[in-house]
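Reading the structure
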Amino acid sequence: MAESVVAVYEVEADDLEKAAHVIAIGQTVGNPFLDNHYSPYQATWTILERAGSYGLIEVKFPVENFSSSIAHLLCVLLGGQCDIDLIRQCHLHSLSIGSLASQYPSPTYGTKRMRQVFAVPSRPLFGTILKPKQGFSLQELQRMVEERIEAGFDVIKEDEVLTDTIRLPLEARTELVSRLKASLGWPGIYLSATHRLSDVASVERAGGSGLHMNVWAGFQEFLNARQCTSLPLYFQRSGFQVWTRGPFALSEEVFYQLVNLCGADMAQVGMTQSYLNESVDALKIRIQALGNTMPAFSCGLEPRHVTLLVETFGKDILLMSGGFVASHPQGVGKALQELEEALHS
C-alpha cells in the first residue's frame, strides 16, 4: 500500500460525506462539485466518528503530493476547503506525515546539544527576557546585558517586539552583545529578535550567538532560517491562539509538530499557575509534539513555579523569567539566585 500523509479533521457540516469529499478531492484533484477526471494521486477519506452535524474525518493524502515546504504542506492540509460554504468548521486535529519528516531539518541543537553547550546535566536551563521590551538605548542595553551575564544566566532573550527597529537596529544590538560576550567570557546564548530571513545574515555578520522568530514570521520563514544558519533558534509563539482557536485552525498538537519540523532548538510552550494558567495536560501534549526541541516556559515565571515545573516536566526544560528578574528590588543577580534556590526547596 502506498504511503500517505494522514490528517484527521474535526468538521461541522450538514452533509459530512460531501464535506469529506470536498476536502479530499478539492485538495488533490480540483473543483469537488464537478465531474473531475480521476487521479491516482487523489486523497481518500473515512468518517471516523459523527454526532449530528459534527464529525471526525480522516483524509489520506499520497505522500508523493508533498515537498519539503511547510507552506506547501499547510496549503494542502488547511487550504481551499476553508473557503467553501458547506464546511462551517474544519479544525486540523491530528497529523501523521511518516517518512516525509525526513525531508525537514532536525534542530541543530535541540535538548541534547543544549545540555552539552552548558555542561549542566542535572538542572534545567535558566534564561531571562529583557525588559522593558523596547525603547532603551544601546548604553542601556549594554547595562542590562552585562548585569544578566554577570548574574550567570544561561540564555538571554530579546522580546519579540524588538526586532530591527529604527531606534535600535538589530545589527548594532547584536554587535554590542557579541563584544560583551567575548570580553566577559560568557558561554551563554543571546537570542536576537528577528522576523525576516534577511535578519539571519545580519545576526551572523554581527557575530551573534542565536536568534528567535515569532510565529507571525511564519512557519516557512522559520524553516528557511533553519536551513540558512547553524545558530541556535528559538520559536516564540506570541499570537498562538490566533492559530489554534476558531473554526478553521490547527490543534495545539499539530502546531507544535510544525514547530519541530521547522528545526527549532527551543520553543515557548506556555505556562501554568501564573497570569497564563494553562493545564498541565495541555502542556504535556505540546512538549510531546515538540520531540527533540527543548521546551521553554515563560509568562510570569517566578521561583514558586520552578519546583512545580521541574517535578512535572523534568529537567530538560528552559525556564525563562522576564518581569520577575527585571523588577527584583535587589537586582537581577538576586533574582537568579532565588530561582536556583527554588530547585532545592
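Look up a bit, the structure's there.
1. Here's the deal with the overall build of the protein chain
The secondary structure content of the protein chain amounts to 13 helices and 12 strands. Computed over its C-alpha atoms, the radius of gyration of the protein chain comes to 22 Å, within 12% of the 20 Å expected for a compact globule of 345 residues. Each of the three principal axes of the protein chain carries a C-alpha extent, and together these read 70 × 45 × 35 Å. Residue pairs in contact within the protein chain that sit at least 24 positions apart in sequence constitute 69% of those at least 6 positions apart. Distance from the positive charge centre (27 side chains) to the negative charge centre (37 side chains) of the protein chain: 6 Å.

2. Some details on the state of the cysteines
Within this structure, the stated rule accounts for 0 disulfides. This cysteine, cysteine 82, is not joined by any disulfide, and cysteine 90 carries the nearest cysteine sulfur, 5.6 Å off. Assessed through its relative accessible area of 21%, cysteine 82 is described here as partly exposed. Between cysteine 262, a cysteine without a disulfide, and cysteine 228, which holds the nearest cysteine sulfur, the sulfur-to-sulfur distance is 13 Å.

3. So, the environment of glutamate 146
With respect to the element layout, glutamate 146 can be found in helix H4 (residues 138-151). The exposure class of glutamate 146 is partly exposed, given its relative accessible area of 26%. For the pair glutamate 146 and glycine 52, spaced 94 residues apart in sequence, the C-alpha separation works out to 61 Å.

4. Looking at the packing of helix H5 (residues 170-184) against helix H6 (residues 197-205)
The N-to-C vectors of H5 and H6 enclose an angle of 30°; their axes lie 8 Å apart at closest approach. Taken together, the axis directions place H5 and H6 in an arrangement best described as roughly parallel. The two elements H5 and H6 cross, and the hand of that crossing is right-handed. For the pair H5 and H6, the contacting residues are Leu170, Glu171 and Thr174 in the first and Asp199, Ser202, Val203 and Arg205 in the second. When grouped by side-chain class, the residues that make up the contact of H5 with H6 number 2 nonpolar, 2 polar and 3 charged.

5. Details of the sheet that holds strand S6 (residues 155-157)
With parallel pairing, the 8 strands of this closed barrel are ordered in space as S5-S6-S7-S8-S9-S10-S11-S12. Averaged over all neighbouring strand pairs, the angle between strand axes comes to 30°, with direction disregarded. As judged from the 3 bridges shared by strand S5 (residues 125-129) and S6, these two strands associate in the parallel manner. Bridge assignment links glycine 127 to a residue of S6, and that residue is valine 155.

6. Quick word on the sheet that holds strand S1 (residues 4-12)
Across the sheet, 4 strands lie side by side as S2-S3-S1-S4; this open sheet has antiparallel pairing. The sheet terminates laterally at strand S2 (44-51) and strand S4 (89-96), the two strands that pair on one side only. The sheet shows a mean angle of 20° between the axes of neighbouring strands, taken without regard to direction. Note: S2 against strand S3 (residues 54-62), 7 bridges, orientation antiparallel. The residue of S3 that forms the bridge with threonine 44 is lysine 60. Each of S1, S2, S3 and S4 touches helix H1 (residues 16-26); the most contacted strand, S2, lies at about 145° to it. On top of the sheet, helix H2 (residues 70-77) reaches S1, S3 and S4; it is set at about 45° to S1, its chief contact.

7. Examining the side chain of histidine 328
Mapped onto the elements of the fold, histidine 328 is located in the loop between helix H12 (323-327) and helix H13 (332-341). Here glutamine 330 takes part through its backbone nitrogen, which lies 3.0 Å from a polar atom of the side chain of histidine 328.

What counts and how
Residues numbered from 1 in each chain as written. Predicted model: local features only at pLDDT ≥ 70, side-chain atom pairs only at ≥ 80, totals over all residues. Heavy atoms only, no water. Helix = DSSP H or I, 4+ residues; strand = E, 2+ residues; numbered from the N terminus. Rg over C-alpha atoms; globule rule 2.2 N^0.38 Å. Contact = heavy atoms within 4.5 Å. Lys, Arg positive; Asp, Glu negative; His and termini not counted. Charge placed at Lys NZ, Arg CZ, Asp CG, Glu CD. Disulfide = S-S within 2.5 Å. Buried < 20%, exposed > 50% of the residue type's maximum accessible area, 1.4 Å probe, protein only. Axes fitted to C-alpha atoms, helices over the stretch in contact; angles between N-to-C directions. Parallel < 35°, antiparallel > 145°, perpendicular 65-115°, else oblique. Left-handed = near helix turned anticlockwise from the far one by under 90°. Nonpolar A, V, L, I, M, F, W, Y, C, P; charged D, E, K, R; others polar. Pairing = 2+ DSSP bridges. Polar contact = N/O pair within 3.5 Å; in protein donor to acceptor, adjacent residues only side chain to side chain.

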